[in-house]
Amino acid sequence: MTQQKAALQNYNEMVKCIEELCQKREELCRQIQEEEDEKQRLQNEVRQLTEKLARVNENLARKIASRNEFDRTIAETEAAYLKILESSQTLLSVLKREAGNLTKATASDQKSSGGRDS
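Basis of the calculations
Residues numbered from 1 in each chain as written. Predicted model: local features only at pLDDT ≥ 70, side-chain atom pairs only at ≥ 80, totals over all residues. Heavy atoms only, no water. Salt bridge = Lys/Arg side-chain N within 4 Å of Asp/Glu carboxyl O. Helix = DSSP H or I, 4+ residues; strand = E, 2+ residues; numbered from the N terminus. Buried < 20%, exposed > 50% of the residue type's maximum accessible area, 1.4 Å probe, protein only.

Below, the discussion takes up the pattern of salt bridges. Evaluation of the coordinates by the stated rule reveals 7 salt bridges. The salt bridge partner of Glu27 is Arg30, with a shortest N-O separation of 2.2 Å. Pair noted here: Glu27 and Arg30 are both in helix H1 (residues 2-112), with a separation of 3 residues, about one helical turn. By relative accessible area, which is 33% here, Glu27 ends up partly exposed. The partly exposed category is assigned to Arg30, whose relative accessible area is 38%. With a closest N to O distance of 2.6 Å, Arg41 and Glu38 form a salt bridge. Residue Arg41 and its partner Glu38 are located together in helix H1, separated by 3 residues, close to a single helical turn. On the basis of relative accessibility, which here comes to 39%, the residue Arg41 falls in the partly exposed class. Linked by salt bridges that have partners in common, Glu27, Arg30 and Glu34 make up one network.

Here it is, written out as structure tokens:
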């Protein structure tokens, strides 16, 4: 009978160990599921952020191209404006010189005709 008791006690310990192993396995399964859920959530976030980054990069590229076009237009306009200023300075110089020549010619004509008007 003591052998039967010992065998029964061993059996009970084995059942207890198996139950503990099953509990540990269930806990591990729960942790695995939580981490798989977290992994899925993070993958979704990464996908969303990747899509957002792509949109931002596209917008940025368009805006940089527009800025470059503005820079080109401004540079061309400034260059044309400087040419206009240079031309107007040249025109002013020519106008002053011609006005001076006309004034001298008029003064010479008046001196040579004796200051008389016909």
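Structure shown, so let's carry the discussion forward.
Here the focus is the environment of Thr2. Residue placement: Thr2 occurs in helix H1. Take Thr2: its relative accessible area is 63%, and that puts it in the exposed class. As a C-alpha pair, Thr2 and Arg25 span 23 residues in sequence and 34 Å in three-dimensional space.

What is shown is where atoms sit, not what they do.
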